[in-house]
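Given next are the chains, with one letter for each unit.
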Amino acid sequence: MRHMDGPFANRGRRWPNVTVAIIALWTCASPALSQQVSLPPPLASNHATDPPLAEAMQRIEQLEQTVFELQQRQNGGLIEAEAPICFDAPTAELPTHYPIYDSGWTLRPYDAAKTPFELTIGLHNQFRYTGFSRDEATTIDAAGNVNTIPNRNDFDVNRGRLVFSGYALDKDLGFYANIDYSTVASSSIQPLLGWISFRHNDALTLYMGLGKVPGTWEWQQTSRYTMGADRTLATTFFRPSITAGMWGIGKLGDSLSYTVFVGNGLNTLTLRSSDLDTNFVYSALAWWEPLGEFGVGFSDQEHHDNLAIRVGHGLTQTKNDSTSTDQSGAEQTVVRLSDGTRLVEPNALAPGVTVNAFDVWLYTAHLGLKKQGYSFSSEVFMRWLRNIEGTGGTSLESLLDNGFYIQGGAFVIPKKLELFVRGSAVTGDFGTGSEVAAGLNWHLFDKRSARFTLDVTDIRDSPAEQSRTGYVAGESGTLLRAQLWTFF
């Protein structure tokens, strides 16, 4: 047999590599055939003696490696089977995550077992016009203070929230952080809620961080899902607030759910450890949905074909001690009498006496119905203030305050336009305050993610005060709110 010498012999030994390159290029033109070709890892070679050919062969080997890696991804389900495998440059390292929109901008792993980390970033914004026409310019509270009642005509961002959520290290290890911005709160920017969660199973997920003391149904639900522009006057008066603590959430069977909570106090969001007493707050809320999922919020925006029912109740308890100087503690300033006077205001309960210690017991019960765009919801409140002590060791009588709200809505255009009415009241030893309201909710895209609300409320002797809701203690008059809630 004749042997060839020179460059042609050297090239002949490289024909297998050239053949592989042709197969790779053919793969670009024929996606179907890409599923039938299984390329090995790149072939070893040494082309230092022929620089132009060495460069070409190095390029071929890079293409071989690229095709091989892409086919491995295709076999692993990381790219669509029908997608053509054709790239001009090799990939040094494959991406571990891909972006997608899922109720927020989400960075999701290709393989959660290998890279267990997911992050969702969402933005919530509550833009509101508020107008208030007062009946009287001033009121006198139980402590004898003369308080000015302002008219209103202004725009505000009542709640703006940048929300980070997801999981890390394991799908059952979740995280949540809520950075709040507002033009009505005492701090224009502040962390509002944040926690780490451990999911054991459907019966229990454990949370640790800054969260809501459950207390009442309307408070437990996010403010995005209220029937009107905000929570009712009665809820604003009775509800607890936010504190650091631990809590558990879960389902027992198919229809019973619960939340249990232990934390620093009734309302300690802006307080430091030096402001706190040594007593915890304890709270639990349980509810039953015997006919299937009730859903979020109070409106039947989902349009239940069959009747959905929710029945539940809650209990909250805490003790508030005086400070080392026999003064009222910072935790106590949110509790008010039924005319809106702060319980710890000097002379509120007796001349010359300031309350500096007391116990709070709050019991609530609620009922909700939804069917075919119609909804009804109601909650009753009973609050006992016990073991009330004043300066100088004065013992004062216990106080019982009662209240309720009731509201109903009907979608005149399914999933889009809802009309509603609602009312609430608070009564106690220092008087009665109430509200009656009517309005509409317009879901801009047939979803809850963008909702315009317009409501008009007649207020009589408000016992509640809270900057985000717009209630002022002691006020009577007409409140107009027009609002756009967006979250995405």
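Above this note sits the structure.
The model shown is predicted, which means the values in this text are computed figures rather than measured ones. (Residues numbered from 1 in each chain as written. Predicted model: local features only at pLDDT ≥ 70, side-chain atom pairs only at ≥ 80, totals over all residues. Heavy atoms only, no water.)

Caption draft 1: Just the overall build of the protein, in detail. Scanning the protein from N- to C-terminus turns up 6 helices and 21 strands. Evaluated residue by residue, the protein yields a buried proportion of 44% over its 488 residues. Long-range contacts, defined here as pairs at least 24 residues apart, represent 61% of the contacts in the protein between residues at least 6 apart. Put simply, the protein shows about 23,900 Å² of open surface, and 60% of that area lies on carbon and sulfur atoms. (Helix = DSSP H or I, 4+ residues; strand = E, 2+ residues; numbered from the N terminus. Buried < 20%, exposed > 50% of the residue type's maximum accessible area, 1.4 Å probe, protein only. Contact = heavy atoms within 4.5 Å. Areas by Shrake-Rupley, 256 points an atom, 1.4 Å probe, with all protein chains shown as cover.)

Caption draft 2: Main features of the pattern of salt bridges. Enumeration according to the criterion identifies 19 salt bridges in this entry. Arg 128 serves as the salt-bridge partner of Asp 230, at 2.7 Å between the closest nitrogen and oxygen. Within this pair, whereas Asp 230 is found in the loop between α5 (217-220) and α6 (233-238), its partner Arg 128 is found in strand β3 (residues 117-134), the two being separated by 102 residues in sequence. Residue classification places Asp 230 among the buried positions, given a relative accessible area of 0%. For Lys 319, the salt bridge goes to Asp 359, with nearest N and O atoms at 3.5 Å. You can see Lys 319 sitting in strand β13 (residues 308-320) and its partner Asp 359 sitting in strand β14 (residues 355-371), a full 40 residues away along the chain. In this structure Asp 359 comes out as buried when scored by relative accessible area, which is 6%. (Salt bridge = Lys/Arg side-chain N within 4 Å of Asp/Glu carboxyl O.)

Caption draft 3: Region of interest: a nonpolar patch on the surface. Residues Ile 196, Phe 198, Leu 206, Met 208 and Met 246 make up a contiguous nonpolar surface patch of about 390 Å² in total accessible area. Of all the elements in the fold, those that place two or more residues in the nonpolar patch are β8 (189-201) and β9 (204-212). When you line up the elements, Leu 206 lands in strand β9. We classify Leu 206 as partly exposed; its relative accessible area is 31%. (Patch = residues over 30% accessible without salt bridge, like charges linked within 9 Å, V, L, I, M, F, W, Y side chains within 5 Å.)

Caption draft 4: Highlighting the packing of aromatic side chains. Applying the stated rule across the entire model yields 17 aromatic pairs. Here Phe 237 and Phe 238 contribute two aromatic rings whose centre-to-centre distance is 4.8 Å and whose plane-to-plane angle is 85°, an arrangement assigned as edge-to-face. Each of the two residues, Phe 237 as well as Phe 238, counts as buried. Counting every residue linked through ring pairs, the aromatic cluster contains Tyr 176, Trp 195, Tyr 207, Trp 247 and Phe 261. Its end group placed over the ring of Tyr 225, Arg 224 keeps NZ or CZ at 5.0 Å from the ring centre. Positioned above the aromatic ring of Trp 219 is the side chain of Arg 239, whose terminal nitrogen or guanidinium carbon lies 4.0 Å from the ring centre. (Phe/Tyr/Trp six-rings, centres within 6.5 Å; stacked < 30°, edge-to-face > 60°. Lys NZ or Arg CZ within 6 Å of the ring centre and 35° of its normal.)

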